[in-house]
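# Structural overview for review
For reference, the chains in residue letters:
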2 protein chains.
Amino acid sequence: MVTMRDVAQAAGVSAATVSRVLSGSRRVNPELAARVLAAQDELGYRTNLLASGLRRQRTDTVGMVVPQVGNPYFSALMEAVGRRLQRVGITVLLVDAENDPDAEAEGLHRLLDRSIDGLLAVPVDEHASTAALTEAAERVHLVQLDRAAEGVPADLVAVDHLAGIRSAVDHLVARGCSDLAFVSAEPRDSTARERARAFDDAMRATGATARASAFGSYTVEWGRVAATRLVEGGRLPQAIVCGNDLIALGVLAVLGEAGVDVPGEVAVTGYDDIGFATLTAPALTTVRQPVDSLAEAAVDLLLGDGPGEDGPSVQRFVPKLIVRASTDPSAPVPHRRRVQERP
Amino acid sequence: MVTMRDVAQAAGVSAATVSRVLSGSRRVNPELAARVLAAQDELGYRTNLLASGLRRQRTDTVGMVVPQVGNPYFSALMEAVGRRLQRVGITVLLVDAENDPDAEAEGLHRLLDRSIDGLLAVPVDEHASTAALTEAAERVHLVQLDRAAEGVPADLVAVDHLAGIRSAVDHLVARGCSDLAFVSAEPRDSTARERARAFDDAMRATGATARASAFGSYTVEWGRVAATRLVEGGRLPQAIVCGNDLIALGVLAVLGEAGVDVPGEVAVTGYDDIGFATLTAPALTTVRQPVDSLAEAAVDLLLGDGPGEDGPSVQRFVPKLIVRASTDPSAPVPHRRRVQERP
DNA sequence: CTGTTAGCGCTTTCAA
DNA sequence: TTGAAAGCGCTAACAG
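Cut-offs and rules
- Residues numbered from 1 in each chain as written.
- Chains lettered and ligands numbered in written order.
- Predicted model: local features only at pLDDT ≥ 70, side-chain atom pairs only at ≥ 80, totals over all residues.
- Heavy atoms only, no water.
- Helix = DSSP H or I, 4+ residues; strand = E, 2+ residues; numbered from the N terminus.
- Buried < 20%, exposed > 50% of the residue type's maximum accessible area, 1.4 Å probe, protein only.
- Areas by Shrake-Rupley, 256 points an atom, 1.4 Å probe, with all protein chains shown as cover.
- Lys, Arg positive; Asp, Glu negative; His and termini not counted.
- Charge placed at Lys NZ, Arg CZ, Asp CG, Glu CD.
- Near = heavy atom within 4 Å.
- Polar contact = N/O pair within 3.5 Å; in protein donor to acceptor, adjacent residues only side chain to side chain.
- Nonpolar A, V, L, I, M, F, W, Y, C, P; charged D, E, K, R; others polar.
- Salt bridge = Lys/Arg side-chain N within 4 Å of Asp/Glu carboxyl O.
- Least-squares fit on C-alpha atoms with pLDDT ≥ 70 in both.
- Contact = heavy atoms within 4.5 Å.
- Pairing = 2+ DSSP bridges.
- Axes fitted to C-alpha atoms, helices over the stretch in contact; angles between N-to-C directions.
- Phe/Tyr/Trp six-rings, centres within 6.5 Å; stacked < 30°, edge-to-face > 60°.
- Expected span 1.5 Å × (residues − 1).
- Buried area = accessible area lost by both parts, 1.4 Å probe.
- Right-handed = clockwise from strand over helix to strand, strands pointing away.
- Parallel < 35°, antiparallel > 145°, perpendicular 65-115°, else oblique.
- Left-handed = near helix turned anticlockwise from the far one by under 90°.

### A closer look at the overall build of chain A
A count of helical and extended segments in chain A gives 12 helices and 13 strands. Counting only residues that meet the buried cut, chain A has 56% of its 343 residues in that class. Total accessible area computed for chain A in this model is approximately 14100 Å², and 49% of it derives from carbon and sulfur atoms. Of note, chain A has its 35 positive side-chain charges centred 6 Å away from the centre of its 45 negative side-chain charges.

### Things to note about the protein's contact with DNA strand C
The full set close to DNA strand C counts 26 residues, and Met 4, Tyr 45 and Arg 55 of chain A together with Arg 20 and Asn 29 of chain B are the nearest of them. Among the atoms of DNA strand C close to the protein, meaning within 4 Å, 66% are from sugar or phosphate groups. The contact in question runs from a phosphate oxygen of DNA strand C to an N or O atom on the side chain of Ser 19 of chain A, over 3.0 Å. Here Tyr 45 of chain A contributes a side-chain N or O atom positioned 2.2 Å from a phosphate oxygen of DNA strand C. Of the residues forming the surface near DNA strand C, the biggest block, 4 residues, is contributed by helix α4 (residues 49–56) of chain A. Taken together, the residues of the surface near DNA strand C break down into 10 nonpolar, 9 polar and 7 charged.

### Some remarks on the pattern of salt bridges
Taken as a whole and assessed by the stated rule, the structure comprises 38 salt bridges over all chains. Of the charged contacts in the structure, one is a salt bridge between Asp 170 of chain A and Arg 166 of chain A, with a shortest N-O distance of 2.9 Å. Highlighted residues: Asp 170 of chain A and Arg 166 of chain A, both in helix α8 (residues 161–174), separated by 4 residues, approximately one helical turn. A relative accessible area of 33% means that Asp 170 of chain A is categorised as partly exposed. Through salt bridges with shared partners, one network takes in Arg 46 of chain A together with Asp 113 and Arg 139 of chain B.

### Looking at the relation of the copies chain A and chain B
Of the transformation placing chain A onto chain B, the axial shift is 0.0 Å and the rotation is 180°, giving an RMSD of 0.1 Å. What we have between these two chains is a two-fold relation. By residue overlap, the copies meet face to face through one surface: 100% of the interface positions of chain A are interface positions in chain B.

### Let's talk about the protein's contact with DNA strand D
If you check the shell around DNA strand D, you find 24 residues, and the closest are Thr 17 and Asn 29 of chain A together with Met 4, Tyr 45 and Arg 55 of chain B. Among atoms of DNA strand D positioned within 4 Å of the protein, sugar and phosphate together represent 66%. In the model, a phosphate oxygen of DNA strand D is placed 3.1 Å from a nitrogen or oxygen of the Ser 14 of chain A side chain. With respect to DNA strand D, the backbone of Met 4 of chain B contributes an N or O atom lying 2.4 Å from a phosphate oxygen. Counting residues per element, the ones that place at least two in the surface near DNA strand D are α2 (15–23) and α4 of chain A together with α2 (15–23) and α4 (49–56) of chain B. It is α4 of chain B that contributes the most residues to the surface near DNA strand D, 4 residues altogether.

### Description of the sheet that holds strand β4 (residues 141–145) of chain B
Residues and elements named next belong to chain B. What the 6 strands build is an open sheet, ordered β2-β1-β3-β4-β5-β12; its pairing is parallel. Since the sheet does not close on itself, it has two edges, and those belong to β2 (91–96) and β12 (314–317), each with one partner. On average, each strand axis in the sheet is inclined to that of its neighbour by 20°, with strand direction left out of account. Pairing between strand β1 (residues 61–66) and β2: 6 bridges, direction parallel.

### Focus: the packing of aromatic side chains
Working definition: an aromatic ring pair is given by the centre-to-centre distance plus the angle between the planes. Residue and element names in this part refer to chain A. Evaluation of the coordinates by the stated rule reveals 7 aromatic pairs over all chains. Pairing Tyr 73 with Phe 74 gives two aromatic rings, centres 5.4 Å apart and planes at 55°, and the pair type is tilted. Look at Tyr 73 and you get buried, because its relative accessible area is 4%. Note on Phe 74: relative accessible area 4%, which makes it buried. Judged by centre distance (4.7 Å) and plane angle (10°), the rings of Phe 182 and Phe 199 are stacked.

### Considerations on helix α11 (residues 245–257) of chain A
Residue and element names in this part refer to chain A. For α11, spanning 13 residues, the distance from its first C-alpha to its last is 18 Å, which sits close to the expected 18 Å at 1.5 Å a residue. Restricting attention to buried positions, one finds in α11 the residues Asp 245, Leu 246, Ile 247, Ala 248, Leu 249, Gly 250, Val 251, Leu 252, Ala 253, Val 254 and Leu 255. The inward-facing, buried residues of α11 abut α5 (72–87), β6 (179–185), α10 (220–232), β9 (239–242), β10 (267–272) and β11 (285–288). Where α11 begins, one side-chain oxygen reaches toward the backbone nitrogen of Leu 246, 3.3 Å away; that side chain belongs to Asn 244. Backbone geometry just after α11 places Gly 259 at a positive phi near 75°.

### Observations regarding the interface of chain A and chain B
The interface is formed by 56 residues belonging to chain A together with 56 residues belonging to chain B. The contact between chain A and chain B buries some 5300 Å² in all, and 52% of this surface belongs to carbon and sulfur atoms. At the surface where chain A touches chain B, the tally comes to 2 salt bridges. The shortest N-O distance in the salt bridge between Arg 46 of chain B and Asp 113 of chain A comes to 2.5 Å. Within the residue set of the side of chain A that touches chain B, elements represented by two or more residues are α4, α5, β2 (91–96), α6 (101–112), α10 and α11 of chain A. Examining the composition of the side of chain A that touches chain B, we find that 6 residues originate from one element, α5 of chain A, more than from any other.

### Overview of the side chain of Gln 144 of chain B
Residue and element names in this part refer to chain B. Along the chain, the position of Gln 144 falls in strand β4. For Gln 144, a relative accessible area of 2% puts it in the buried group. At 2.7 Å, the side chain of Gln 144 and the backbone nitrogen of Ala 149 are in polar contact. Not counting residues up to four positions away in its chain, the partners in contact with Gln 144 are Ala 121, Pro 123, Leu 133, Ala 149, Val 152, Ala 154, Asp 155, Leu 156 and Val 157.

### A word on the pairing of strand β5 (residues 155–159) of chain B
Two faces make up the sheet, and in a regular strand the side chains alternate between them. All names here are of chain B. Most of β5 sits inside the fold, with 5 of its 5 residues counted as buried. Both faces of β5 are covered, namely the face carrying Asp 155, Val 157 and Val 159 and the face carrying Leu 156 and Ala 158. Bridging between β4 and β5 involves 3 bridges; their strand directions are parallel. Bridge assignment links Leu 145 to a residue of β5, and that residue is Val 157.

### Description of the environment of Pro 123 of chain B
The topology assignment puts Pro 123 of chain B in the loop between β3 (118–121) and α7 (130–139). Spatially, the C-alpha atom of Pro 123 of chain B lies 25 Å from that of Ser 167 of chain B, the residues being 44 residues apart in sequence.

### Things to note about the pairing of strand β10 (residues 267–272) of chain B
Residue and element names in this part refer to chain B. Taking burial as the measure, the 6 residues of β10 include 6 buried ones, the bulk of the element. Sheet analysis places strand β9 (residues 239–242) next to β10, joined by 3 bridges and oriented parallel. Note on β10: the bridge partner recorded for Ala 239 is Ala 267. Handedness of the crossover joining β9 and β10 through helix α11 (residues 245–257): right-handed. Alignment of β10 against strand β11 (residues 285–288), held across 4 bridges, turns out to be parallel. Bridging across to β11, Gly 270 finds its partner in Thr 286.

### Remarks on the packing of helix α8 (residues 161–174) of chain B against helix α9 (residues 190–206) of chain B
Residues and elements named next belong to chain B. Following both chains from N to C, one finds α8 and α9 inclined at 40°, their axes separated by 8 Å at the closest point. Compared by their axis directions, α8 and α9 come out oblique. For the crossing formed where α8 meets α9, the hand is right-handed. Residues His 161, Leu 162, Ile 165, Arg 166, Val 169, Asp 170 and Val 173 of α8 form the contact with α9, whose own contacting residues are Thr 191, Glu 194, Arg 195, Ala 198, Phe 199, Asp 201, Ala 202, Met 203, Ala 205 and Thr 206.

Below, the structure written as structure tokens:
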């Protein structure tokens, strides 16, 4: 391994000078600097970030924990966050919680033990994630993203799901649907709880009738199961409001296989607007989450000073309903040559 | 920050003893050990992995670089690798190359500078990735996964695309298709090149006729564009062989919008078998890549000794054709309650 | 079995 | 402006 001392020796200067040249922390005689850079190039020297981090007590590294890497919504979030942080020279250490609070807790420890400068977390569970995140918040600047865990003293950047679900329901009601079913994930995380609550509120506000809500997980498979039950149950609702797009994809697949006309017999809405939402037949009407805005706000908070005297802040972004054919036969067909949208 | 010395002091022992107890590296008087553990618990001490890594010259951390986090095939690979490494107590640092060799090179440096113990790479470009990966191979144990870059002295774990494409073509020909079109990515990475080559070979071997192959990128959007051209070109081929599933999804969407009957008028095959392949209408016939086997083999190599005297090894897995409705109207409809397959 | 000591590679005082 | 020296927190070698 080539060390800074090697470079110093080759350049005929002290290690301190090499450090100064490479970090730009102080003015150095241009001639010496040139020798240092030449020596570095010659030897192929690279700074050892372990040693540098240990000494500086900063690593220019932040951690990010997401519930599931394979969920396209989270990968979009990861991409958006990664791009933003790369720009300011910060590396992201990614941890997949595998939808399991224990794996999440272990992942958090792995990150913290590596002396990260900050942490972005999308908590798996509103309650089960609290302990590990609270501990994390004590050790490092933490920002919660997309979801919150109960009682964690950290800023939150999230989406206004009340508005999101409401926009979907309003749209459906305006199109004449009055008999709705809600299919979503068990309200173990804050988004699932808020969306469920929002659906109930919207029912009351619009006077529409709701079937008993069906709660499972944010997966295609659950969408399939729930839709199968509805199909086999006989009388279909006029619309199925899904808690996320994966569920909606499963629902659409089953309805398609069963020969149910969408949106003629049943309208379907999703939530997230993942890339695949334009690919179903019919294309999926969905609530688009502002991934870039979320990532930007979260990163800004993370690079900022942290919660002030008046406690953690909460930032909510209002999502936008994207109307497609699954609720509206007259919705524009995705233009064939248009670049695929990726919110 | 609470350090090992604090724990030592609280337990009335030396730092060395604390280190021994926590790492289990040597026998320690049980009574002292108990005091150490109590003190650790009391103070909430956690080992500083920066310091530990610096001293031990090992970090129990490996890096992984993938072309694009958002591509479901790669996220499946990431998940499989992550699960395997977690089991042996190794943390994965993930870097997204954003399909850009420059970003990839920078990401590689970020990883190497963090003293990773090993590196798993899926090279973005067969040639443009060579320099950075060769340099990486000199600094750390490198294993190439899924794709190879030309001339990099590192083991490779990949898929036998000759067999994969051949199985798709044979299936189509057996079903009576003799006029085929190949739609894939520009052969800038090894998989794209090998699949293109395999398609040509298969044409010769089976005597089927091929349209001029259309090369773009491994994206839904390129699938849309290419399919639009075919549709507008007039006489459609009897089958479209796609270089990956994303392309196939785009192709299916356009054919669907154009009212073309699949597989009646045109059969379509994909490659990868991502989760969404079961969700299209019709469901997609595709070549399933053995993600778990790839991950297992790559991790085993990474944890092993590296290339021996006789140069880098190459391990090829034979993928399996999964026949669904996009090539065969009599193919079994995905069972409604079956757990979603994720290769 | 335990403690003392040295040093991983770097940055940052402090003196010159 | 530059260099010498100390030390970030940990572990391995060496004594005892």
